[in-house]
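Listed below, chain by chain, are the residues.
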Amino acid sequence: MPDFDLLLIGATGFTGGLTADHLAEHAPEGLRWALAGRSPDKLAAVRDRLAGIRPELAELPLLELDLTDPAATAELVSRAKVVVTTVGPYLQHGEPLVAACAETGTDYVDLTGEPEFVDLMYVRHHSTAVRTGARIVHACGFDSVPHDLGVLHAMRALQPTGPVEARGVVRASAQFSGGTFHSALGAFSRAREMKEAAGRRRAMEKRAAGGAGRRVRATAGRPHRDPLLGFWLVPLPTIDPQVVARSARALDLYGPAFTYSHYAGTKTLRWAAGGAAGAAGLAVAAQVPPLREALLRRLPAGSGPSAERRARSWFTVDVVAESEDRVQHSRVSGGDPGYTETARMLASAGLCLALDDNPTQGGSLTTAQAMGENLLARLEDLGIRFETVPA
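**Q** Looking at this model, I keep getting lost on the sheet that holds strand 1 (residues 4-9). Mind explaining?
**A** Within a sheet, neighbouring strands are paired by backbone hydrogen bonds and run either parallel or antiparallel to one another. Taken in spatial order, the seven strands make up an open sheet running 3-2-1-4-5-6-14, and their pairing is parallel. Only two strands of the sheet have a single partner each, and these edge strands are strand 3 (62-64) and strand 14 (363-365). On average, each strand axis in the sheet is tilted by 20° relative to the strand beside it, whichever way the strands run. Along the sheet, helix 3 (residues 70-77) contacts strand 1, strand 2 (33-37), strand 3 and strand 4 (80-85); its crossing angle with strand 4, the most-contacted strand, is approximately 115°.

Given below as structure tokens:
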């Protein structure tokens, strides 16, 4: 039996620290967990803070991690049932942990919203994880839990027998994290590499499927006013549609044919146009190294807003799913998406894999595949709402 149920890596950073705080407050009695990282002194400072929340955590194990040593990394992760990591950008720092977990059969969850990283990890390590039984679950924060489980909630209520047209619409009042900003600019600057990684993954998945399975598409959609929700919709180029589509390919619940489009919702056309222009401007700036570096300096990785600012933040994700003559409107809602709720989602995903009765299938999985109903229940217990909105 592994020494630990859960190993948290990255607790000295901002979001990792919030994840550690959540575990200190909400982990069940008897959970065997530990912190790992490069700096023993910084880890000890985190442990001191956690002991102020729960005094027995003064004895929480601290483990030194050297990601440049594959053998040592594999030995370390093999001591845990689940590895939870907040160390990004993942394209730069994430692969050694994925590789070690896949090889040792250790479950893995992270916060990445980087499509290139997720696709490359599938290409390089999915087959190994299938063999060892390791469940590799990316995007376990605001990217992409509310969207993936929001669609799962809608499909569970709709129970479609025919083709499904679904759309997700996200609205939020919050400040993005430095880490998220760095990851987004990195992705914008690597459009060609991202496309190549996606193509390699599609080729592998096509060979594995052998042409079988339901028809699934994630489409960009077009800007328009939603007649049901009353919002102006702007296509949102995040990882979320890819995650939802992968869940739809894997789970029979999504019907014989499934199409998903993903948007940001605003109350006015002016805000919609401004958001689209801002995203386009960032994409252009990311291609120019001096501009990209200047933007990165303005919001350092590891930074984040005050507790007061987070307390005022909120999000909603509306999922509208239509099949034949039926419409299902599901809504996911909660507090600060980029930090508070992301940390709770990540910690809950780790606890879910460590403690709950989930499917045992290994490989690169979505949250809906790996632990859908159990994770949804855990998040509802924390006050994140999954509800049906009357038509």
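**Q** It is not clear to me how the environment of V243 should be interpreted in this structure. Could you clarify?
**A** Inspection of the secondary structure puts V243 in helix 10 (residues 240-250). For the pair V243 and T367, spaced 124 residues apart in the sequence, the C-alpha separation amounts to 8.7 Å. In this structure V243 touches A139, S144, D148 and T366, once residues within four positions along its chain are discounted.

**Q** What should I look at first to understand the nonpolar core in this one?
**A** It is characteristic of soluble globular proteins that their nonpolar side chains tend to be buried jointly. Formed by 92 residues in total, the largest nonpolar core has its most connected members in F258 and M371. It is helix 14 (residues 337-355) that provides the largest number of residues to this core, a total of eight residues. Apart from residues lying up to four places away in sequence, F258 is in contact with V151, M155, V164, A166, R215, V216, R217, V244 and A248. One finds V169, L233, Y263 and V320 within the second-largest nonpolar core, a separate group that totals six residues.

**Q** Help me understand the packing of helix 7 (residues 145-158) against helix 15 (residues 367-381), please; the structure alone is not making it clear to me.
**A** In helix packing, the relevant descriptors are the interaxial angle and the interaxial distance, both defined with respect to the helix axes. Relative orientation of the contacting elements helix 7 and helix 15 amounts to 85°, with a least axis distance of 10 Å. In terms of their interaxial angle, helix 7 and helix 15 are classed as roughly perpendicular. Seen from helix 7, the contacting residues are V145, D148, L149, L152, H153 and R156; seen from helix 15, they are T367, A368, G372, E373, L375, L376 and L379.

**Q** Mind showing me how you'd approach the pattern of salt bridges here?
**A** Any two side chains of opposite charge can pair, given that their charged atoms come close. Taken as a whole and judged by the stated rule, the model has 21 salt bridges. With a closest N to O distance of 3.4 Å, D119 and R201 form a salt bridge. You can see D119 sitting in helix 6 (residues 115-132) and its partner R201 sitting in helix 9 (residues 191-209), a full 82 residues away along the chain. Residue D119 is classed as buried on the basis of its relative accessible area of 2%. Measuring nitrogen to oxygen at the nearest pair gives 2.9 Å for the salt bridge that ties D119 to R246. With D119 in helix 6 and R246 in helix 10, the pair connects residues that are 127 residues apart, well separated along the chain. In the salt-bridge network here, residues are joined through shared partners; they are D119, R201, E205 and R246.

**Q** Is there a simple way to think about unusual backbone geometry in this case?
**A** Phi is mostly negative for residues that are not glycine, and the peptide bonds are mostly trans. The omega torsion across G88 and P89 is -5°, close enough to zero to call that bond cis. Topologically, P89 is positioned in the loop between strand 4 and helix 4 (90-93). In the segment running from D143 into S144, the intervening peptide bond is cis, with an omega of 5°. Residue placement: S144 occurs in the loop between strand 6 (135-137) and helix 7. Positive phi is not limited to glycine here, since Q159 has a value of about 50°. Position of Q159 relative to the elements: it lies in the loop between helix 7 and strand 7 (164-173). In this structure Q159 comes out as partly exposed when scored by relative accessible area, which is 45%. For E324, which is not glycine, the phi torsion reads 55° and is therefore positive.

The rules behind the values
Residues numbered from 1 in each chain as written. Predicted model: local features only at pLDDT ≥ 70, side-chain atom pairs only at ≥ 80, totals over all residues. Heavy atoms only, no water. Pairing = 2+ DSSP bridges. Helix = DSSP H or I, 4+ residues; strand = E, 2+ residues; numbered from the N terminus. Axes fitted to C-alpha atoms, helices over the stretch in contact; angles between N-to-C directions. Contact = heavy atoms within 4.5 Å. Core = buried A, V, L, I, M, F, W, Y, C linked by side-chain atoms within 4.5 Å. Buried < 20%, exposed > 50% of the residue type's maximum accessible area, 1.4 Å probe, protein only. Parallel < 35°, antiparallel > 145°, perpendicular 65-115°, else oblique. Salt bridge = Lys/Arg side-chain N within 4 Å of Asp/Glu carboxyl O.

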